[in-house]
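Descriptive structure summary
Below are the chains, spelled out letter by letter.
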Amino acid sequence: MSQPDGTRIVLASRPEGRPDPGNFRLERAPIPTISDGQVLLKTLYLSLDPYMRGRMSAAKSYAAPVEIGQVMEGGTVAEVIESRDPAFRAGDIVLSYSGWQSHAAVAAKGLRKLDPKAAPVTTALGVLGMPGFTAYAGLLAIGQPKPGETVVVAAASGPVGSAVGQIARLKGARAVGIAGGPEKCAFVRETFGFDAVIDHRDPDMASQLAAACPDGIDVYFENVGGHVWDAVFPLLNTFARIPVCGLVAQYNATGDFPGPDRLPLLMRQVLSRSLTIRGFIQREFVPTQGKAFQDEMTRWVADGTVKYKEDIVEGLEKAPEALIGLLEGKNFGKLIVKL
Ligand SMILES: NC(=O)c1ccc[n+]([C@@H]2O[C@H](COP(=O)([O-])OP(=O)(O)OC[C@H]3O[C@@H](n4cnc5c(N)ncnc54)[C@H](OP(=O)(O)O)[C@@H]3O)[C@@H](O)[C@H]2O)c1
């Protein structure tokens, strides 16, 4: 018999521009029953990530949207509370993709068991999970930083940007971060060890970035677009590589982008400076880089070579506001909801 005990958050309507809390609905839901090959999960932690804004929209993208009335998607760390699969038993902690809900019945196949003694389980959603992998694969496969080169990355206090800068330094490059506000900038410099950090809210940002990159930019790991891209573009060196990972500055944009058409200028520079601009979705690199990431990043995090910061919000009902804030830089580190 199912009991009406769980909670979940569904997409109530599609946002136009900036989402608001009314686009989400908190519901009570019966705790599901499981069949053979499934496990019943109780969510411990839910990951909030910028891509979720895309799932709220019906616009064509690399992944299908969440339908109205459907549970919002998302990566989770969960506890198995009942199992009908021999590979799992009650009490196991797993990495799942069970979304914004307190309980879920999911196929056991595809779940990854986590060892809480090896690393804090929340790291499976951040530095040792999808965002860390995005940084590792995008930087090494596309950015290919070389000793002495300059690597620039924005959203530098977040899970992707902070890992990009630290891995760049491990490869012998100079890491220049861009972040919003003095507190984030200080953290990126002092804790993540970037060589220089620029505050993108400073009106003088473009000239500060030029001063911080006296030899130009060899790798720009694109996380944000917008005015940061405008400041980076004139500084790109011949043969610069630009892994295009995300464009968070425009995820809430509606209609056409303002300003003159700069595509001809972009194409001229792609040609004359031999730029490589290459977009990617991290999962394409799982077959080629997944194992190396797990081995190397696990070691770097365990011995303190790579540092990380988490921003943990308590309560599933806080998830909508936290996601809205993430798109505006209100998070400080990997954003996670503790249920
Ligand atoms: N391609 C892939 O497979 C893949 C996978 C994962 C993530 N991503 C992308 O990687 C990027 C970073 O993800 P994350 O999870 O590490 O996010 P995050 O850094 O935790 O959060 C996003 C950050 O973006 C910054 N930001 C927001 N609006 C901005 C603006 N207008 N101008 C400049 N910065 C702005 C904010 O930091 P500040 O306050 O410092 O500005 C905010 O904290 C996102 O674009 C995401 O979509 C791509």
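We now turn to the structure provided with this report. Within any chain, residue numbers begin from 1 and follow the written order of that chain's sequence. Confidence filtering applies because this is a predicted model: local features only for residues at pLDDT of at least 70, side-chain atom pairs given and counted only at 80 or more, and all residues used for totals across whole chains, interfaces and linings. Here the side-chain values reflect all heavy atoms present in the structure, with hydrogen atoms and water set aside.

What counts as an axis is a line fitted to C-alpha atoms, over the stretch in contact for a helix, and the angles between N-to-C directions run from 0 to 180 degrees. Secondary structure elements follow DSSP: runs of H or I no shorter than four residues count as helices, runs of E no shorter than two count as strands, and numbering proceeds from the N terminus. Put simply, helix H2 (residues 130-143) and helix H8 (residues 286-302) touch, their axes get as near as 10 Å, and they point 115° apart. On the basis of their axis angle, the class for H2 and H8 is roughly perpendicular. Relative to H8, H2 is oriented so that their crossing is right-handed. Taken together, the residues of H8 that come into contact with H2 (itself represented by Gly132, Phe133, Tyr136, Ala137 and Ala141) are Val286, Gln289, Gly290, Ala292, Phe293, Glu296, Met297 and Trp300. Here the nonpolar group is Ala, Val, Leu, Ile, Met, Phe, Trp, Tyr, Cys and Pro; Asp, Glu, Lys and Arg are the charged ones; every other residue, Gly included, is treated as polar. A per-class count over the contact of H2 with H8 returns nine nonpolar, three polar and one charged. Put simply, angles under 35 degrees are roughly parallel, angles over 145 are roughly antiparallel, angles from 65 to 115 are roughly perpendicular, and the rest are oblique. Should the near helix be turned counterclockwise from the far one by less than a right angle, the crossing is left-handed, whereas a clockwise turn marks it as right-handed. Contacts are assigned to residue pairs that have any heavy atoms within 4.5 Å of one another.

To estimate how far a helix should reach, multiply one less than its number of residues by 1.5 Å. The end-to-end C-alpha distance of H2, which contains 14 residues, comes to 18 Å, matching closely the 20 Å that a straight helix rising 1.5 Å per residue would cover. Throughout, exposure labels follow a simple rule: accessible area from a 1.4 Å probe, protein chains only, divided by the maximum for the residue type, with under 20% read as buried, over 50% as exposed, and the rest as partly exposed. Residues Pro131, Gly132, Phe133, Thr134, Ala135, Tyr136, Ala137, Gly138, Leu139, Ile142 and Gly143 constitute the buried set of H2. Positive phi appears at glutamine 144, one or two residues downstream of H2, with a value of about 45°.

In this text, buried Ala, Val, Leu, Ile, Met, Phe, Trp, Tyr and Cys residues form a nonpolar core when linked through side-chain atoms within 4.5 Å. In terms of nonpolar packing, the biggest core is built from 34 residues, with Leu139, Val164, Phe194 and Met297 touching the most fellow members. Where this core is concerned, the elements lending two or more residues are H2, strand S8 (150-154), helix H3 (159-170), strand S9 (174-179), helix H4 (182-190), strand S11 (217-221) and H8. Sort the elements by how many residues they give to this core and H2 lands first, with six residues. For methionine 297, the residues in contact, after removing those within four places along its chain, are Val127, Leu128, Gly132, Ala163, Ile167, Ala292 and Val306. Grouped together as the second largest cluster of nonpolar side chains are 25 residues, Met205, Leu209, Ala212 and Phe233 included.

Only when DSSP finds a minimum of two bridges between them are two strands counted as paired. Taken together, six strands build an open sheet; the order of strands is S10-S9-S8-S11-S12-S13 and the sheet is parallel. Of all strands in the sheet, those with a lone pairing partner are strand S10 (196-199) and strand S13 (276-279), marking the two edges. Averaged over all adjacent pairs, the angle separating strand axes in this sheet is 15°, with direction ignored. Bridging between strand S12 (residues 236-244) and S13 involves four bridges; their strand directions are parallel. Directly across from proline 243, in S13, lies its bridge partner arginine 278. In this fold H3 packs onto S8, S9 and S11, with an angle of close to 170° to the strand it touches most, S8.

Note on definitions: salt bridges are taken to be side-chain nitrogens of Lys or Arg within 4 Å of carboxyl oxygens of Asp or Glu. Evaluated as defined, the whole model comprises 14 salt bridges. In this structure, aspartate 36 and arginine 84 form a salt bridge, with 2.7 Å as the shortest nitrogen-oxygen distance. On the criterion of sequence distance, the pair formed by aspartate 36 in the loop between strand S2 (24-29) and strand S3 (38-47) and arginine 84 in the loop between strand S4 (76-83) and strand S5 (93-96) is long-range, its members being 48 residues apart. On the accessibility criterion, aspartate 36 (61% relative accessible area) is exposed. Note that aspartate 195 and arginine 169 form a salt bridge whose closest N and O atoms lie 2.7 Å from each other. Of this pair, aspartate 195 sits in the loop between H4 and S10 while arginine 169 sits in helix H3, and the two are 26 residues apart along the sequence. Each of Arg8, Arg25 and Glu27 takes part in one network of salt bridges that share partners.

Quick look at the packing of aromatic side chains now. When two rings of Phe, Tyr or Trp (its six-membered ring) have centres within 6.5 Å they constitute a pair, described as stacked for plane angles under 30 degrees, edge-to-face for angles over 60, and tilted for the intermediate range. Per the stated rule, a full pass over the model turns up ten aromatic pairs. Ring plane angle 5° and centroid distance 5.5 Å describe the contact between phenylalanine 24 and tryptophan 100, whose orientation is recorded as stacked. Note that phenylalanine 24 is positioned in strand S2 and tryptophan 100 in the loop between S5 and strand S6 (103-107), a separation of 76 residues in sequence. Each member of the pair, phenylalanine 24 together with tryptophan 100, is buried.

Within the structure, the ligand sits among 27 residues, and Lys184, His200, Tyr251, Gln282 and Asn331 are positioned closest to it. Here an oxygen atom of the ligand and a backbone polar atom of glycine 180 are 2.8 Å apart. For the purposes of these results, a polar contact is taken to be a pair of N or O atoms within 3.5 Å, where, inside protein, one atom must be able to donate a hydrogen and its partner to accept one; residues adjacent in sequence count only when each atom of the pair is a side-chain atom. Contact between the ligand and phenylalanine 280: a nitrogen atom at 2.8 Å from a main-chain N or O atom of the residue. Starting from 910 Å² of accessible surface for the ligand in isolation, the protein chains cover 92%. For the shell around the ligand, the residue count by class is 16 nonpolar, ten polar and one charged. The split of the chain into domains comes from an automatic or database domain assignment. Counting residues domain by domain, the shell around the ligand receives three or more from each of domain 1 (5-126 + 309-338) and domain 2 (130-283). Put simply, a residue is near a molecule or strand once any heavy atom of it comes within 4 Å of that molecule or strand. For the accessible areas, the method is Shrake-Rupley and the probe is 1.4 Å, while residue cover comes only from the protein chains on display.

The analysis is restricted to geometry; functional conclusions fall outside its scope.
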